[in-house]
Amino acid sequence: MKTADRVLVLMYHRVGALNDASEARYCITPQHFAEQLHALAARGYRAVPVDALVRWLEGGPALAEGDFVLTFDDGFRGVREHALPVLQALGWPCTIFLVTDRLGGVDGWDRKGREGAPTYPLLDANEIADMRRRGCSFHSHTRSHASLTALDDAALARELAGSRATLETLVGDGDRYLAYPYGHVDDRVEAATRAAGYRMAFSVQPGFNRRGVNPFRLRRLDVFGTDSAAQLLRKMHLGSNDGSVGAALRYYAGRLAGRLGGGGA
């Protein structure tokens, strides 16, 4: 086994039908999701539990080249209905970051300028229990999906500690990880996350995770509903949110220029 020296984390949101084209960035159709994951499997990629990544980052057991972590933000019910059957067929685990004050409700935390937009159902406690039995792990996306950098210290502490307490009741004691809503994090939010007892936290900054990365700024690639399987494979190869052919060409041109420059020294 060739061991990994860097590990990717993928970030999805809703899996289901599109209401209109504006949703395509953060919603992927079930068919498209299945196409993406089967393409990854065909190329030798394999999803591993988030705990395996955490242990590896802390100097624990090696991961294989091609191992990655699959995450879903928000906790939409469509993940259970549409994504879980694909994951189970592949034998792949996933991690879901829950907005804990809205369990069994609907989204709707970001309706500014979109007041008439539809809402979508979120997982409830029974569905979460069922998914846990089938290889899914659950962690925090705060209580209300607030922008943490916009909160005062007391509200920030309530969002973080309250969500963690709900998760301990829901899924039991254990290590808790956080995904920052909107990816909004600064030094104050990071310090509050550490103080609230989280072990690690995930940003939306793209790139590879290597040992030595800040464990409270772990990187994730954003998977869009508009990404073809080929685009996603390019994203993963480049460690970038840009999976275009042009991005790949620029990457290889830069590598070639570096080799030629080094050779002429």
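Report follows, based on the coordinates. (Residues numbered from 1 in each chain as written. Predicted model: local features only at pLDDT ≥ 70, side-chain atom pairs only at ≥ 80, totals over all residues. Heavy atoms only, no water.)

1. Topic: the pattern of salt bridges
Pairing is possible between side chains of opposite charge, provided their charged atoms come close. Considering all chains together, one arrives at 18 salt bridges under this definition. Of the charged contacts in the structure, one is a salt bridge between Arg80 and Asp130, with a shortest N-O distance of 3.1 Å. Of this pair, Arg80 sits in helix α3 (residues 77–90) while Asp130 sits in helix α4 (residues 125–133), placing them 50 residues apart in sequence. Across the pair Arg199 and Asp175 runs a salt bridge, and its minimum N-O distance is 2.3 Å. With Arg199 in the loop between α6 (187–195) and β9 (200–202) and Asp175 in the loop between α5 (153–171) and β8 (177–179), this pair connects stretches of sequence that are 24 residues apart. Assessed through its relative accessible area of 39%, Asp175 is described here as partly exposed. (Salt bridge = Lys/Arg side-chain N within 4 Å of Asp/Glu carboxyl O. Helix = DSSP H or I, 4+ residues; strand = E, 2+ residues; numbered from the N terminus. Buried < 20%, exposed > 50% of the residue type's maximum accessible area, 1.4 Å probe, protein only.)

2. Description of the side chain of Ser203
Among the structural elements, Ser203 can be located in the loop between β9 and β10 (221–222). Among the polar contacts listed, one links the side chain of Ser203 to the backbone nitrogen of Gln205, at a separation of 3.1 Å. For Ser203, the contacting residues outside a window of four places in its chain are Tyr180, Arg217, Leu218, Arg219 and Arg220. (Polar contact = N/O pair within 3.5 Å; in protein donor to acceptor, adjacent residues only side chain to side chain. Contact = heavy atoms within 4.5 Å.)

3. Here's the deal with α5
Across its 19 residues, α5 extends 27 Å between first and last C-alpha, which sits within 8% of the 27 Å expected from 1.5 Å per residue. Considered for burial, the residues of α5 that qualify are Ala155, Leu156, Glu159, Leu160, Gly162, Ser163, Leu167 and Val171. Buried residues of α5 fall within an arc of 165° about the axis and therefore sit on the same side. More than 90 degrees from the buried face of α5, the exposed residues found are Asp153 and Thr169. A distance of 3.2 Å separates the backbone nitrogen of Ala154 from a side-chain oxygen at the start of α5, and that oxygen is part of Asp152. (Expected span 1.5 Å × (residues − 1). Arc of directions from axis to C-beta.)

4. Re the packing of helix α1 (residues 30–42) against α3
Two elements in contact, α1 and α3, have axes whose closest approach is 9 Å; the angle formed by their N-to-C orientations is 20°. Judged by the inter-axis angle, α1 sits roughly parallel to α3. Of the two elements, α1 crosses α3, and the hand of that crossing is right-handed. Contacts between α1 and α3 involve Pro30, Phe33, Ala34, Leu37, His38 and Ala41 on the former and, on the latter, His82, Ala83, Val86, Leu87 and Leu90. Residue composition of the contact of α1 with α3, by class: nine nonpolar, two polar and no charged. (Axes fitted to C-alpha atoms, helices over the stretch in contact; angles between N-to-C directions. Parallel < 35°, antiparallel > 145°, perpendicular 65-115°, else oblique. Left-handed = near helix turned anticlockwise from the far one by under 90°. Nonpolar A, V, L, I, M, F, W, Y, C, P; charged D, E, K, R; others polar.)

5. Description of the environment of Met200
With respect to the helices, strands and loops of the structure, Met200 is situated in strand β9. A C-alpha to C-alpha distance of 6.6 Å links Met200 and Leu178, two positions 22 residues apart in sequence.

6. Details of the nonpolar core
With 37 residues, the main nonpolar core has Leu10, Tyr12, Phe68, Leu70 and Phe72 as its most contacted residues. In contact with Leu70, not counting residues within four places along its chain, are Leu10, Tyr12, Leu37, Ala47, Leu87, Pro93, Cys94 and Thr95. (Core = buried A, V, L, I, M, F, W, Y, C linked by side-chain atoms within 4.5 Å.)

7. Side note on unusual backbone geometry
One non-glycine residue, Asp74, lies in positive phi territory at about 95°. Residue Asp74 is classed as buried on the basis of its relative accessible area of 6%. You will see that Thr142, though not glycine, has its phi angle at about 75°, which is positive. Among the structural elements, Thr142 can be located in the loop between β7 (136–140) and α5.

Shape descriptors only; they carry no functional weight alone.
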